[in-house]
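# Remarks on the overall topology
Here is how the chains run, residue by residue.
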Amino acid sequence: MMNYFIVSIALLFLSSQHSLVAPEAKLELIAKDFAFTEGPAADRKGNVYFTDQPNNKIWKYSTNGKLSVYMDKAGRSNGLYFDKQENLIACADENNQLWSIKNGKIEKLVLDYQDTLLNGPNDVWVAPNGNIYFTDPYYQRDYWTRKKSDLKVQALYLYDRRGTLIQLDSTFKQPNGIIGTSDGKWLYVADIGGNKTYRYAITKDGLLSDKQLFVDQGSDGMTLDNEGNLYLTGNGITIYNNKGKKIEYIAIPSKWTGNVCFGGSEKNLLFITASDKIFTLKMRVKGVD
């Protein structure tokens, strides 16, 4: 009996040691009563910006814990990501565009694809060299007048440094979450409609090759940590290592976990958008730029 007790305690200790969550850290509810939160992105200092799309706002959660509205009339923005110049790249879903925001000023980067209205840019990642990758699924919005897509496909796009929009992959059922590695070599894209996540190699010219199924799980939003682990969202947060092995699950007390990123002054604070709520969780690992 004593040996069993000792073994059980040892296994519990090893489990906690291998967890990506910081020792004794607890999930913290920061705020609630939003309509639907999405698109968290951290700036260079670790302040996190996120969207409340139905209420058409971008919020800021600062490193000192203060919550404020960064932008009203935010183009019904969904996914966000900062580039190296601290421009906030936004998937402006209201008119199906891609924006760049700096000090509250808006530059419209993408208006359409080959003179055809996009479905609705959803999530975005900016490579170290400035290339912008984004997903374009079709989700019918109650603020649109149209009732169907103008395009025949739901695709993955590249907006390159020359200002050219390139359709990279149109074989998805419904693409959504997207994230790339900090060295700019690999891109992960979730097909939430097909319940799968893929990994691509990024070529020198910014195009993609070697598409491989990474895991049989889709995702709304996603992020990576400094150990190369991939965080998928939806029903809580599921974490996979870079070999595609599930290594941890974090339950979130909300009907849907939309997206996640690392923020805070030390980049070790997991920031979670979950329907009408936002949470934080201190981690043992850190985010990457």
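Here the structure is a predicted model, which means the values were calculated and not measured. (Residues numbered from 1 in each chain as written. Predicted model: local features only at pLDDT ≥ 70, side-chain atom pairs only at ≥ 80, totals over all residues. Heavy atoms only, no water.)

## Concerning the overall build of the chain
Applied cut-off: Secondary structure is summarised from DSSP: a helix means a run of H or I of at least four residues, a strand means a run of E of at least two, and numbering begins at the N terminus for each. Only the C-alpha atoms count toward the radius of gyration. The rule for a globule is 2.2 Å times the residue count to the power 0.38. Using a 1.4 Å probe on the protein chains alone, a residue whose accessible area is under 20% of its type maximum counts as buried, one over 50% counts as exposed, and one in between counts as partly exposed.
Helix and strand counts for the chain stand at one helix and 24 strands. The C-alpha radius of gyration of the chain comes to 19 Å, within 12% of the 19 Å expected for a compact globule of 289 residues. A principal-axis box enclosing the C-alpha atoms of the chain has dimensions of 75 × 40 × 35 Å. Across the 289 residues of the chain, 54% fall into the buried class.

## Quick word on unusual backbone geometry
Positioned with a positive phi, R76 is a non-glycine residue whose angle comes to about 50°. Relative to the helices and strands, R76 is located in the loop between β5 (67-72) and β6 (77-82). Residue class for R76 comes out buried when judged on its relative accessible area of 18%.

## As for the sheet that holds strand β20 (residues 236-240)
Going by this rule: A pair of strands is considered paired only if DSSP assigns at least 2 bridges between the two. Here an axis means a line fitted to C-alpha atoms, over the contact stretch when the element is a helix, while the angle between two N-to-C directions is reported on a 0 to 180 degree scale.
On the basis of which strands lie adjacent, the open sheet formed by four strands has the order β18-β19-β20-β21 and antiparallel pairing. Across the chains shown, the open sheet's two edge strands, defined by having one partner strand only, are β18 (222-224) and β21 (246-250). Taken over all neighbouring pairs, the strand axes of this sheet differ in orientation by 20° on average, direction set aside.

## So, the side chain of N47
Rule in force here: In the analysis that follows, any N or O atom pair within 3.5 Å is treated as a polar contact, provided that within protein one partner can donate a hydrogen and the other can accept it, and provided that, for residues neighboring in sequence, both atoms belong to side chains. Should any heavy atoms of two residues lie within 4.5 Å, those residues are considered in contact.
Here N47 shows up in the loop between β2 (37-42) and β3 (48-52). Polar side-chain contacts of N47 include one of 3.0 Å to the backbone nitrogen of T63. Discounting residues that sit within four places of it in the chain, N47 has contacts with A41, A42, K60, Y61, S62 and T63.

## Some details on the nonpolar core
For soluble globular proteins, nonpolar side chains are generally found buried alongside one another. Here is the rule we go by: For our purposes a nonpolar core is just a set of buried Ala, Val, Leu, Ile, Met, Phe, Trp, Tyr and Cys residues, chained together by side-chain atoms within 4.5 Å.
Among the nonpolar cores identified, the biggest contains 39 residues, and L98, W125 and L187 are the most heavily contacted of them. No other element matches strand β12 (residues 155-159), which puts five residues into this core. Those residues within four positions of L187 in sequence are excluded, and the remaining contacts are W125, Y133, L156, I178, I179, G180, Y198, R199, Y200, I202 and L208. Within the second largest apolar cluster, 16 residues are counted, among which are L20, I250, I252 and V285.

## With respect to the packing of aromatic side chains
Formally: Pairing of aromatic rings covers Phe, Tyr and Trp, the last through its six-membered ring, and needs centres within 6.5 Å; plane angles under 30 degrees mean stacked, over 60 mean edge-to-face, and all others mean tilted. Distance and angle both matter: a charge sits over a ring if NZ of Lys or CZ of Arg is within 6 Å of the ring centre and within 35 degrees of the ring normal.
Under the criterion given, the structure shown has 14 aromatic pairs. Here F134 and Y157 contribute two aromatic rings whose centre-to-centre distance is 5.4 Å and whose plane-to-plane angle is 15°, an arrangement assigned as stacked. Taken together, the positions of F134 in strand β11 (residues 132-136) and Y157 in strand β12 put the pair 23 residues apart, joining distant regions of the chain. When the ring of Y143 is compared with that of W144, the centres are 6.3 Å apart and the planes differ by 85°; the resulting orientation is edge-to-face. Judged by its relative accessible area of 23%, Y143 falls in the partly exposed class. Ring-pair connections join several aromatic residues into one group, and the members of that group are F34, F50, W59, Y61 and F271. It is R146 that lies over the ring of W144; its NZ or CZ is 4.4 Å from the centre. Above the plane of the ring of F172 lies K211, whose end atom (NZ or CZ) is 5.0 Å from the centre.

## Observations concerning the confidence of the model for the chain
Filter applied, for reference: In predicted models, pLDDT denotes the confidence assigned by the predictor to each residue on a 0 to 100 scale.
Of all residues in the chain, 94% have pLDDT values of 70 or greater, and the mean over the chain is 93. Predicted confidence is poor over residues 1-16, with pLDDT under 50, and the contacts of this stretch with residues over four places away or in other chains come to zero contacts.

## Some words on the sheet that holds strand β23 (residues 269-274)
Taking strand neighbours across the sheet as the criterion, the four strands line up as β1-β24-β23-β22 in an open arrangement whose pairing is antiparallel. The open sheet has two edge strands, β1 (28-31) and β22 (259-263), and neither has a second partner. Across the sheet, the mean angle from the axis of one strand to that of its neighbour is 30°, orientation sign disregarded. As defined by bridge partners, β23 adjoins strand β24 (residues 277-282) across six bridges and the pair is classed as antiparallel. Bridge assignment links I272 to a residue of β24, and that residue is F279.

## Focus on the state of the cysteines
Spelled out, the test is: The term disulfide is used for any two cysteine sulfur atoms that are within 2.5 Å.
Counted by the stated rule, this structure contains zero disulfides. Free of any disulfide, C91 has its nearest cysteine sulfur in C261, 14 Å distant.

## Examining the environment of N131
Mapped onto the elements of the fold, N131 is located in the loop between β10 (124-126) and β11. Counting along the chain gives 53 residues from N131 to G184, while the straight-line C-alpha distance between them is 9.6 Å. Once residues lying within four places of it in the same chain are set aside, the contact partners of N131 are W125, V126, L158, Y159, D160, R161 and G206. A distance of 3.1 Å separates the side chain of N131 from the backbone nitrogen of R161, its partner in a polar contact.

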